[in-house]
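Fold and geometry: a report
What follows is the residue order along each chain.
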Amino acid sequence: MIPEKIIDTHLHIEAWKNEEYDSFIDCFEGHREQSGLSSFNLCALPTPMRAVCQNMMMAFYKIAHENSFAHGALDHIIWPITENMPEGMDLVTQYKELMEIGFDGIKLIEGKPTALKPLGNNLNHIALDRLYSEMEKDGTHIVFHINDPEEFWDISKVDPEFVKRGWFYGDGTYLTYKEIQEQALTLLKNHPNLKATLAHFFFCGETPELLEEIFEKCPEVCVDLTPGCEMYHSFEAHHDYYKEFFKRHSKRVMLGTDGSFPWQTKGHVWCMDVLYRFIATNDKIMAFDDSILTGIALDGEEKKDILYKNFERRVSPTPKQINKSALKAYIDKYKSLLSDEEWLNIEPLYSKYLK
Ligand SMILES: [Zn+2]
């Protein structure tokens, strides 16, 4: 149990039910309670349900558990990305609908190689660029996944487990690590005030000087420490440097586990405990992939910034309430995009919470 206030800013829901057939809406809360989190932030994804469906699930979750934050996702509908989306379903319209429903921010996975490739390998496509402009203007918080660990491009280094998941990118059909990074830097140059939290430390554990540069130029950019175990190898290998880095940049860092329903609560509690001890103690911790990690023992305001204050400052001290009529209109509008199975699961929630 974590002994002080902490927010997990990066979690997912990947199933309707757990092995005991309990619904996500009833039992994901158990993770929060047993980990001792004051709150958490659910991030919608375009998989395994499509994005509109994930948004509906998370909105219902927020109705049932009002202390939960959630970031909604965009549904691209047509791949590769195009300016000619179906009438009234362009990305900016979708974004505005999500904010009206009461999402606390937006999750973009569009920069992960597996998402970027089918979209056409252009993170700065005009349709996305318009979206960034709107979010930048509104000061909307984004959990933004861009790139992946560099070893995922090298078959001799990537874990076979990840190859099985489709995360080997060295076959020539994906942009390279450097190319994606370049696109991200262009994006940030065009939108220097975007309130983006770059997930997984922007996969820059070995090149933190790049982050220093971004922090300098983009006052609203943060990173999260959601594992990615490779970044923790870097933190350990350059312990003194990183201790100083996190102290100096404590306002630019947030915590997340990447836990997902139906993750075992045990796993979630363990992961949160590792993250907490890394920040708040100088313990030698058995960390991700069983490597040793030495805590950086931040205290006072710097510790609180990372544990929860940065998220509250950047998003809101309390989660937004769901606007039920906006949610109802959203479901009525996008229902036809759902699979039969998705609708079968959404319909009872719709009847329970919106009728
Ligand atoms: Zn994630």
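As the structure is a prediction and not an experimental result, all values here were calculated from the model.

1. Focus on the overall build of the chain
Per the secondary structure count, the chain includes 14 helices and eleven strands. Judged by the C-alpha coordinates and their principal axes, the chain covers about 55 × 45 × 40 Å. Per-residue burial for the chain yields a buried fraction of 44% across its 355 residues.

2. Observations regarding the sheet that holds strand β3 (residues 69-72)
Ordered by their spatial adjacency, nine strands build an open sheet running β8-β7-β6-β5-β4-β3-β2-β1-β9, and the pairing between neighbours is parallel. Strands at the two margins of the open sheet, each flanked by one partner only, are β8 (253-254) and β9 (260-261).

3. Re helix α8 (residues 208-217)
Quick reminder: α-helices carry 3.6 residues per turn. Residues three or four places apart thus point the same way. Those residues of α8 that fall on the buried side of the exposure criterion are Pro208, Leu211 and Ile214. Looking straight down α8, one finds its buried side chains confined to an arc of 105 degrees; they lie on one side. Opposite the packed face of α8, turned more than 90 degrees from it, sit the exposed residues Glu209, Glu216 and Lys217. Turning to α8, the residues buried within the fold contact α7 (177-190), β7 (222-224) and α10 (239-248).

4. Observations regarding the environment of Leu327
One can find Leu327 in helix α13 (residues 324-334). Counting along the chain gives 108 residues from Leu327 to Pro219, while the straight-line C-alpha distance between them is 33 Å. Leaving out residues up to four positions away in the same chain, Leu327 has contacts with Ala59, Ile101, Ile322 and Leu354.

5. Some thoughts on the packing of helix α2 (residues 51-64) against helix α14 (residues 340-354)
Packing of α2 against α14 leaves a shortest axis separation of 11 Å and a crossing angle of 30 degrees. When the axis of α2 is compared with that of α14, the two are roughly parallel. Between α2 and α14 the crossing geometry is left-handed. Residues Cys53, Met56, Phe60 and Ile63 of α2 touch α14, and the partners they reach there are Glu342, Ile346, Leu349 and Tyr353. For the contact of α2 with α14, the per-class residue count stands at seven nonpolar, no polar and one charged.

6. A short note on the environment of Phe69
The residue Phe69 is located in strand β3 in this model. In sequence terms Phe69 and Phe103 are 34 residues apart; their C-alpha atoms lie 7.4 Å from each other. Leave out the neighbours within four places in its chain, and Phe69 touches Ser39, Phe40, Asn41, Asp104, Val315 and Pro319.

7. Section: unusual backbone geometry
Residue Pro48 is reached from Thr47 by a cis peptide bond, and omega for that bond is -10 degrees. As for its placement among the helices and strands, Pro48 is situated in the loop between β2 (39-43) and α2. Here the residue pair Phe261 and Pro262 is connected by a cis peptide bond, since its omega of 5 degrees sits within 30 degrees of zero. Relative to the helices and strands, Pro262 is located in the loop between β9 and α11 (265-280). Phi at Tyr21 takes a positive value of approximately 65 degrees, unusual for a residue other than glycine. With respect to the element layout, Tyr21 can be found in the loop between β1 (7-13) and α1 (24-35). Here the phi dihedral of Phe203 falls at roughly 55 degrees; this positive angle occurs in a residue that is not glycine.

8. Topic: the pairing of β1
With respect to burial, β1 is a largely interior element, six of its seven residues being buried. Bridge count between β1 and β2: three bridges; the pairing is parallel. Bridge pairing in β2 links Asp8 to Phe40. Regarding topology, α1 serves as the crossover connection from β1 to the parallel β2, and that connection is right-handed.

9. A look at the pairing of β2
Within β2, five of the five residues are buried, which leaves the element mostly enclosed by the surrounding structure. Where burial is concerned, the two faces of β2 agree: the one with Ser39, Asn41 and Cys43 and the one with Phe40 and Leu42 are both buried.

10. Thoughts on the packing of helix α3 (residues 91-101) against helix α5 (residues 126-138)
Running from amino to carboxyl end, α3 crosses α5 at an angle of 35 degrees, the nearest separation of the two axes being 9 Å. Within the contact between the two elements, α3 uses Leu91, Val92 and Tyr95 and α5 uses Ala127, Leu128, Arg130, Leu131, Glu134 and Met135. Per-class residue counts for the contact of α3 with α5 are seven nonpolar, no polar and two charged.

Calculation rules
- Residues numbered from 1 in each chain as written.
- Predicted model: local features only at pLDDT ≥ 70, side-chain atom pairs only at ≥ 80, totals over all residues.
- Helix = DSSP H or I, 4+ residues; strand = E, 2+ residues; numbered from the N terminus.
- Buried ≥ 20, exposed ≤ 12 C-beta atoms within 10 Å, placed from the backbone.
- Pairing = 2+ DSSP bridges.
- Arc of directions from axis to C-beta.
- Contact = placed C-beta atoms within 7 Å.
- Axes fitted to C-alpha atoms, helices over the stretch in contact; angles between N-to-C directions.
- Parallel < 35°, antiparallel > 145°, perpendicular 65-115°, else oblique.
- Left-handed = near helix turned anticlockwise from the far one by under 90°.
- Nonpolar A, V, L, I, M, F, W, Y, C, P; charged D, E, K, R; others polar.
- Right-handed = clockwise from strand over helix to strand, strands pointing away.

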